[in-house]
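Here is what each chain is made of, one letter per residue.
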Amino acid sequence: MTQTGDKDKGKEADTGKPVKSRRASRPKVKTGCNNCKLRRVKCDETRPQCIKCVRSGRTCDGYPAYKRAGEVVLAIAPRPDGIASSSTSPPAITPASNGLLPSRPIIVRKPQRITHKPRTTPPPTPTEPTVARFAPTVYLPGGISFDEQEGQYFQVFRTHTANELSGFFDSEFWTRSVLQVSHTEASIRHAVVALGALYKTLEKASESPPSSPDSNNTFDTAPNHYNFALQQYGKAITRLREALQDNETRSQRNILISIVLFTCFQSFTGDHRAAISQIQHGLHLLEERRQESKQPLIRRKEDVVEDELVQMFTRLAIQAKSYDMAFHFPHPYVIRLTPAKDPTSPQTPSSPSDTASAASVETPMPDAFETSQEARSALDTICERIMRFQEALSSYYQGPNNILPASIQSSGLGFRTQLAQWAAAFEPLLETRRRPKVTNTERAGIDVLKMIHLMTTVLFLMGFSTSEMDFDNFNQTHFKPIVDLAKEVVVDEELSLAQARCGKEARCKHKERKLNGWHSNPAQFFPGLAINQPGGYREEDGYAHIKASFALDLGIVPPLFVVATKCRDRTIRRDAIKLLLASPRREGMWDSILSGRVAQWIMEIEEDGMDDFVGYGVGSMDSAVVESDRRVMVKEISFDLQRREATLRCGTRGARDGDLDPRAKETHIFW
């Protein structure tokens with residue numbers, strides 16, 4: 001018997017009570033999930049949700065952020081030798097879903113409200129290191145390691161890019177879901193780092209001298225950030241391809257998240273063809289899930305896809321479809337919302353009458369929306385159903401430019417009613433947007449929703465008309481409110497940034513560009529996205545603090561493009577074009593500079609022969625209306641955002657391809 005045992009035995013004899021044996025002391029584990037830590041139980045640390053929480057039916061609240069003692073932020077390293085500074089992104093990959101095994105179930109969480117503050121300054125940029133050394137490997141939870149350079153871009157994504165990509169609406173997909181899964185999926189991790197590098201590219205390319213943090217840092221340059229983004233995107237594609245070839249277990253949820261990230265990267269860099277292909281593949285996977293949900297339980301896949309991810313693809317599909325309707329892409333870059341040539345699919349009607357009956361199914365609508373997110377979900381549902389309706393009928397009625405016969409307009413009256421009901425339910429929320437407690441981001445989101453509603457109403461009603469003259473009915477009721485709301489968004493953004501960055505106007509140095517001739521142009525390093533357009537309207541409108549931006553969601557660009565190309569009120573049209581060119585932004589695949597240039601060309605064709613527009617009611621022809629025989633519509637736009645060039649074709653509305661069209665014109669533009 002040991003000495004300790006003898007002592008314990010002696011104590012037991014003295015007191016007459018058994019002595020409890022002591023547990024061996026071990027270091028305390030602090031990396032478990034939050035739920036297990038609160039319950040004081042051992043966590044298995046499985047990600048993104050631990051098995052112990054899943055098996056007990058609890059919601060795993062995730063893991064605390066990993067903190068490293070004495071963490072030092074290092075400079076972005078320069079581009080490695082041998083990496084060409086090409087602006088062409090790597091080719092997109094379409095991951096196949098066949099043969100993939102499902103992962104463990106994913107717990108669906110109720111979205112929480114997140115309030116984003118407007119971005120006022122770029123993320124901090126460190127200085128160049130003075131001592132050359134190898135970058136150590138940094139450990140993050142989940143077993144995936146990355147070096148300091150990748151780690152810094154990851155932090156840029158977490159602190160800045162995620163909020164920017166959300167656009168005018170809060171999104172847990174970017175601020176939580178993507179970050180969680182990036183700890184376990186290498187391809188997603190590399191894609192996140194690539195997007196962080198793209199954000200730094202845009203920040204540096206759009207930076208004005210008054211706000212440059214350090215002009216002597218040769219490492220922190222737009223070309224270096226962009227080349228690193230291309231490298232990381234290539235690694236993400238390669239890792240996903242290897243996983244599919246090796247038949248690694250991969251949930252459809254993670255595949256769908258990968259597709260969203262790849263679509264975001266391709267839209268960011270101007271590769272719209274690859275982005276459309278990615279969106280189409282994601283829709284195909286979701287359609288497969290719908291079919292499997294009807295199968296017996298034993299044949300269903302176990303992984304769960306959150307509603308927010310499904311809504312993300314719904315919005316991407318609406319975006320791609322609206323892009324095609326405006327620019328008329330050739331096949332195979334025409335997005336399809338319904339399965340092609342699949343008569344057994346519940347999404348494909350067997351006759352036009354079935355399609356018409358689908359329009360009569362009303363979308364549940366409250367008397368008044370409580371939040372903008374609720375209104376947004378309802379509007380997304382209506383927009384998607386309208387696009388499915390038009391797509392299905394277009395396959396039966398082969399009209400010019402997919403215009404449906406006016407004789408069947410009554411079959412879509414249900415959608416007109418639903419749009420009116422949405423407007424009534426949204427009105428109380430719209431009236432409260434100027435209250436003091438409403439943030440600029442919330443106000444802009446409300447404005448954007450109303451703009452998209454007005455645009456959807458116009459395009460749906462005009463989907464049955466072959467006359468451009470009918471657009472005049474919407475000049476004051478729809479087109480002017482769209483421009484007014486867009487002005488509100490842009491002016492609020494400008495004032496907020498000016499106040500945050502410069503304070504009083506007297507101390508503002510950003511307007512010096514007008515005096516010394518300097519202007520920033522991210523197109524010099526960043527493909528497709530230009531900060532300003534020569535001959536545009538930035539100087540006279542004074543939007544000196546708004547930088548070029550990117551968001552994956554739709555915003556003000558599509559509605560303004562519709563106004564700029566379809567409104568023949570000379571004042572309203574010019575205001576729309578000014579806003580497109582004066583506040584450069586890319587919303588998904590929609591580029592404001594390209595949209596503004598297209599609208600300028602259409603306006604010049606239609607107003608050829610009219611007196612010059614003076615403005616302010618001074619010109620004798622300011623209120624003149626474009627004659628019917630001068631009006632044209634966009635027939636096709638073939639463009640390359642990476643080279644910043646486009647070929648535009650226009651012609652008579654209602655004229656079929658191949659018909660003799662005296663109004664047909666074509667031009668090639670650069671920007």
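Every chain is numbered independently, its residues counted from 1 as its sequence is written. With the structure being a predicted model, the display of local features is reserved for residues of pLDDT at least 70 and the display and counting of side-chain atom pairs for 80 or more, all residues being used for whole-chain, interface and lining totals. Remark: hydrogens and water are excluded; side-chain values derive from all non-hydrogen atoms of the structure.

### Looking at the side chain of glutamine 232
Here is step 1: In this description a helix means any DSSP run of H or I spanning at least four residues, a strand means any run of E spanning at least two, and both kinds are numbered starting from the N terminus. With respect to the secondary-structure elements, glutamine 232 resides in helix 7 (residues 222–245).
Here is step 2: Under the relative-accessibility criterion, glutamine 232 is labelled buried at 1%.
Here is step 3: A distance of 3.1 Å separates the side chain of glutamine 232 from the side chain of glutamate 150, its partner in a polar contact.
Here is step 4: Ignoring sequence-local partners within four residues, the contact set of glutamine 232 consists of Glu150, His190, Val193 and Ala194. Classification of residues uses two cut-offs on accessible area relative to the type maximum, computed with a 1.4 Å probe and protein chains only: under 20% is buried, over 50% is exposed, and between them is partly exposed. N or O atoms closer than or at 3.5 Å make up a polar contact, with two conditions inside protein: a donor-capable atom paired with an acceptor-capable one, and, for residues adjacent in sequence, both atoms drawn from side chains. Note on definitions: a residue-residue contact is assigned when non-hydrogen atoms from the two residues lie within 4.5 Å.

### Topic: the sheet that holds strand 7 (residues 645–651)
Here is step 1: With antiparallel pairing, the 3 strands of this open sheet are ordered in space as 6-7-8. Bordering the open sheet on either side are strand 6 (633–640) and strand 8 (665–670), each of which pairs with just one other strand. Going from strand to strand, the sheet's axes swing by 15° on average, the running direction of each strand aside. The pairing criterion is simple: DSSP has to find at least two bridges between the two strands. Note on geometry: axes are C-alpha line fits, over the in-contact stretch for helices, and angles between N-to-C directions span 0 to 180 degrees.

### Comments concerning helix 18 (residues 557–566)
Here is step 1: Counting buried positions over the 10 residues of helix 18 gives 10, a clear majority of the element.
Here is step 2: When we look at burial in helix 18, the residues that qualify are Val557, Pro558, Pro559, Leu560, Phe561, Val562, Val563, Ala564, Thr565 and Lys566.

### Digging into the confidence of the model for the protein
Here is step 1: Put simply, the protein has an average pLDDT of 76, and 68% of its residues get 70 or more.
Here is step 2: Confidence, expressed as mean pLDDT per element, reaches its minimum in the protein at strand 1 (residues 137–139) with 38 and its maximum at helix 18 with 97.
Here is step 3: The predictor reports its confidence for every residue as pLDDT, a score running from 0 up to 100. Note that residues 208–215 has pLDDT below 50 and, in this model, 14 contacts with residues that lie over four places away or in other chains.
Here is step 4: Below pLDDT 50 for its whole length, residues 513–526 participates in 34 contacts with residues either more than four positions away or in separate chains.

### Description of the side chain of histidine 328
Here is step 1: Note on placement: histidine 328 falls in the loop between helix 10 (307–327) and helix 11 (352–359).
Here is step 2: Within the local environment of histidine 328, its side chain forms a polar contact with the backbone oxygen of methionine 325, the two atoms lying 3.3 Å apart.
Here is step 3: If sequence neighbours within four positions are ignored, histidine 328 has contacts with Tyr323, Met633, Val634, Lys635 and Glu636.

### Focus on the nonpolar core
Here is step 1: Core analysis: the largest hydrophobic core is formed by 141 residues, its most contacted members being Trp174, Leu195, Phe327, Trp422 and Leu560.
Here is step 2: When residues in this core are grouped by element, the largest group, 12 residues, is from helix 14 (residues 440–462).
Here is step 3: Here tryptophan 422 is in contact with Met365, Phe369, Ala375, Ala378, Leu379, Ile382, Leu449 and His453, once residues within four sequence places are set aside.
Here is step 4: Buried Ala, Val, Leu, Ile, Met, Phe, Trp, Tyr and Cys residues form a nonpolar core when they are joined through side-chain atoms within 4.5 Å. Counting 6 residues, the second largest nonpolar core, distinct from the first, contains Cys43, Cys50, Cys53 and Cys60.

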